[in-house]
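Topology and contacts: notes
Residues per chain are reported as follows:
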Amino acid sequence: MKRRTLLKTLGALSVAPAVLPAAAAAATAPRSAKPVLRLAHITDVHLKGELNAPEKFVRCLEHIHQQSPKVDLVLNGGDTVFDMNKEQLPTIEAEWKLWHSIIEAHCHIPMKHCLGNHDIWWYEEGTKGDPAYGKQYSLKQLKMEAPWYTFNQAGWQFIVLDSVHLDIDNTWYIGKLGDAQYTWLEQQLAQLPATTPVCILSHIPLLTATLMIEDNIVNRWEFTGGDMHTDIAKLTKLFVQHPNVKLCLSGHIHIRDKVVYNNVTYICDGAVSGAWWNGNRRETPPGYGLIDLYADGTFDEQYVPYLER
Ligand SMILES: [Zn+2]
């Protein structure tokens, strides 16, 4: 129903604005005039020296820098280089070198990082003693002190999560926080003023509908614990206690969607690399999220396909 029609209907029913449902009241409340922060959310760059990936990534960064009003902060949602799970160290080193040279030359906006599953080297035999093993190598490359952290900018609290953990049988990863990180998240939210809006960044989606878009479904959908956060029920319960959690950004699926659940918006923001530098992934072109945050906890957002003219 269009807003004007809704107001007309409400008028006809003689419903005073004071008894409007909360959501409708919020929609009619005056919003702070200007955004306090403009974000570009890049995810799943999967940088490598082939498939014109470097040139396209440079175009993406230039596109972000050309935005008006200008972008204040870039959030990198992880899977920064192509695939640290499967490649040998010389390839990994070359990809990180490429990342640093492109960022140095083409990115003049501050960037905050989150680890993705492909930023972790744990799948090769005989690498456990290597300094590159596990999450250490990428943490060092991205100058991250810890795989999860929080910061405040322009009145918004950002919470960066580490989604990727080994499964119970230690052979592959699943999306979850684990006990220590969950307790930390609980504490962070508990000590924040209820008026501070929160934006959460993770690599693996906390919640997404993208996984239901599958071919050849007969009578059930199948996806794995690595596709979405397996602790989502615990998280949605926690967020209900903290209505200042407004926005959860993720990547990983390379498909763009937006799910609203209990007034929290969960955006899976496609991928800078599209289908790993081979065009679109289903209907989602290579792109990035552009998000304007307002002081009152609201936001405007869009997905920007940077290769389309
Ligand atoms: Zn990815």
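Under an unreviewed UniProt entry, the name given to the chain is Metallophosphoesterase, and the source organism is Deminuibacter soli.

With 18 residues, helix α4 (residues 89–106) extends 26 Å between its outermost C-alpha atoms, agreeing within 8% with the 26 Å of an ideal straight helix rising 1.5 Å per residue. Among the residues of α4, those classed as buried are I92, E95, W96, W99, I102 and I103. Projected down its long axis, α4 carries its buried residues within an arc of 125 degrees, all on one side. Exposed and oriented more than 90 degrees from the buried face of α4 are P90, K97 and E104. Buried residues in α4 make contact with α3 (53–65), β2 (73–76), β3 (111–113) and α5 (136–141).

Here the focus is a nonpolar patch on the surface. Together, M212, I217, W221 and F223 make up a nonpolar patch on the protein surface, roughly 390 Å² of accessible area in all. Assignment of secondary structure puts F223 in the loop between β8 (198–201) and α7 (232–241). Note on F223: relative accessible area 42%, which makes it partly exposed.

Two numbers describe how helix α6 (residues 178–191) lies on α7: the axes approach to 11 Å, and their chain directions differ by 15 degrees. With respect to their mutual orientation, α6 and α7 come out roughly parallel. As α6 packs across α7, the resulting crossing turns out to be right-handed. Of α7, the residues touching α6 (which contributes Y182, L185, E186 and L189) are K234, L235, L238 and F239. Classifying every residue of the contact of α6 with α7 gives six nonpolar, no polar and two charged.

Quick notes on the rules
- Residues numbered from 1 in each chain as written.
- Predicted model: local features only at pLDDT ≥ 70, side-chain atom pairs only at ≥ 80, totals over all residues.
- Heavy atoms only, no water.
- Helix = DSSP H or I, 4+ residues; strand = E, 2+ residues; numbered from the N terminus.
- Expected span 1.5 Å × (residues − 1).
- Buried < 20%, exposed > 50% of the residue type's maximum accessible area, 1.4 Å probe, protein only.
- Arc of directions from axis to C-beta.
- Contact = heavy atoms within 4.5 Å.
- Patch = residues over 30% accessible without salt bridge, like charges linked within 9 Å, V, L, I, M, F, W, Y side chains within 5 Å.
- Areas by Shrake-Rupley, 256 points an atom, 1.4 Å probe, with all protein chains shown as cover.
- Salt bridge = Lys/Arg side-chain N within 4 Å of Asp/Glu carboxyl O.
- Axes fitted to C-alpha atoms, helices over the stretch in contact; angles between N-to-C directions.
- Parallel < 35°, antiparallel > 145°, perpendicular 65-115°, else oblique.
- Left-handed = near helix turned anticlockwise from the far one by under 90°.
- Nonpolar A, V, L, I, M, F, W, Y, C, P; charged D, E, K, R; others polar.

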